[in-house]
Amino acid sequence: MTSIKSVWEKFNKEWDAINRSTLIVLGDASLVGGISAYKLYINRNIHRTEKRFAHLAPPNSIYVRLKAGVYTVVLREYDAMKPDRKESNILNIDIHDNEQIIICASLRDEHLILSFS
């Protein structure tokens, strides 16, 4: 009989073989509450640092593994019901296999800004 643990290990191994590229969104000191006060959207889906990759994430960052491809990246304030919820500019990225892209997130003149590091 196959255990749940072995099923997850197999899934993680297969997933890791496909998702070999890394996107890191680093929050700078201007972000009130740090990067944890924001949600990262990649192709309109929310992404976060997975527990098993937390040790790889720099402080005040979101660490995401992706497969090679083209993506749109947006950062929004965490609370979706907040009036005047801040939303960043849209960054389009084309990430290649085994590539790492670092994006900086900052707050300038009350505008949430994403820029390439």
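Residues numbered from 1 in each chain as written. Predicted model: local features only at pLDDT ≥ 70, side-chain atom pairs only at ≥ 80, totals over all residues. Heavy atoms only, no water.

Engineer: It is not clear to me how the nonpolar core should be interpreted in this structure. Could you clarify?
Structural biologist: A general tendency of soluble globular proteins is for nonpolar side chains to be buried together. Of all hydrophobic cores here, the largest spans 22 residues; its most connected members are L23, V25, L40, V73, L75, I103 and L114. Elements with a minimum of two residues in this core: strand 1 (21-27), strand 2 (38-42), strand 4 (61-66), strand 5 (69-77), strand 6 (91-95), strand 7 (100-108) and strand 8 (111-116). The element best represented in this core is strand 7, accounting for four residues. Those residues in contact with V73 that sit more than four places away from it in its chain are L23, L40, Y41, N89, I90, L91, I93, I103 and L114. (Core = buried A, V, L, I, M, F, W, Y, C linked by side-chain atoms within 4.5 Å. Buried < 20%, exposed > 50% of the residue type's maximum accessible area, 1.4 Å probe, protein only. Helix = DSSP H or I, 4+ residues; strand = E, 2+ residues; numbered from the N terminus. Contact = heavy atoms within 4.5 Å.)

Engineer: Explanation requested: the packing of aromatic side chains in the structure shown.
Structural biologist: Within this structure, the stated rule accounts for three aromatic pairs. Plain terms: the ring middles of W8 and F11 are 5.5 Å apart, the flat faces sit at 90 degrees to each other, and that makes the pair edge-to-face. Taken together, the residues span about one helical turn, with W8 and F11 both in helix 1 (residues 4-18) at a distance of three residues. Under the relative-accessibility criterion, F11 is labelled partly exposed at 40%. Note on F53 and Y63: the rings are 5.9 Å apart at their centroids and 45 degrees apart in plane angle, and the pair reads as tilted. Here F53 is found in the loop between strand 3 (45-47) and strand 4, whereas its partner Y63 is found in strand 4, with ten residues between them in sequence. We note that F53, like Y63, is buried. (Phe/Tyr/Trp six-rings, centres within 6.5 Å; stacked < 30°, edge-to-face > 60°.)

Engineer: I tried to follow the sheet that holds strand 8 on my own but got confused; where do I start?
Structural biologist: Within the open sheet, the four strands sit side by side as 4-1-7-8. Their pairing is mixed. Because the sheet does not close on itself, it has two edges, and the strands there are strand 4 and strand 8. Averaged over neighbouring strand pairs, the angle between their axes works out to 20 degrees when direction is ignored. By the bridge criterion, six bridges tie strand 1 to strand 7 in an arrangement that is parallel. Among the inter-strand pairings, I24 is bridged to a residue of strand 7, identified as I102. (Pairing = 2+ DSSP bridges. Axes fitted to C-alpha atoms, helices over the stretch in contact; angles between N-to-C directions.)

Engineer: Looking at this structure, I do not really get the side chain of K86. What am I missing?
Structural biologist: Residue placement: K86 occurs in the loop between strand 5 and strand 6. The class for K86 is buried, based on a relative accessible area of 18%. In contact with K86, other than residues within four places in its own chain, are L75, R76, E77, L107, E110 and L112.

Engineer: What is the right way to read the sheet that holds strand 6 from this model?
Structural biologist: Two pairing modes exist for strands in a sheet, parallel and antiparallel, and in both the strands are linked by backbone hydrogen bonds. Taken in spatial order, the four strands line up as 3-2-5-6 in an open sheet, and their pairing is antiparallel. The open sheet is flanked by strand 3 and strand 6, the only strands paired with a single partner. Between one strand axis and the next, the sheet turns through 40 degrees on average, direction left out of account. Strand direction decides the pairing type here: strand 5 and strand 6, joined by five bridges, are antiparallel. What sits directly across from G69, in strand 6, is I95.

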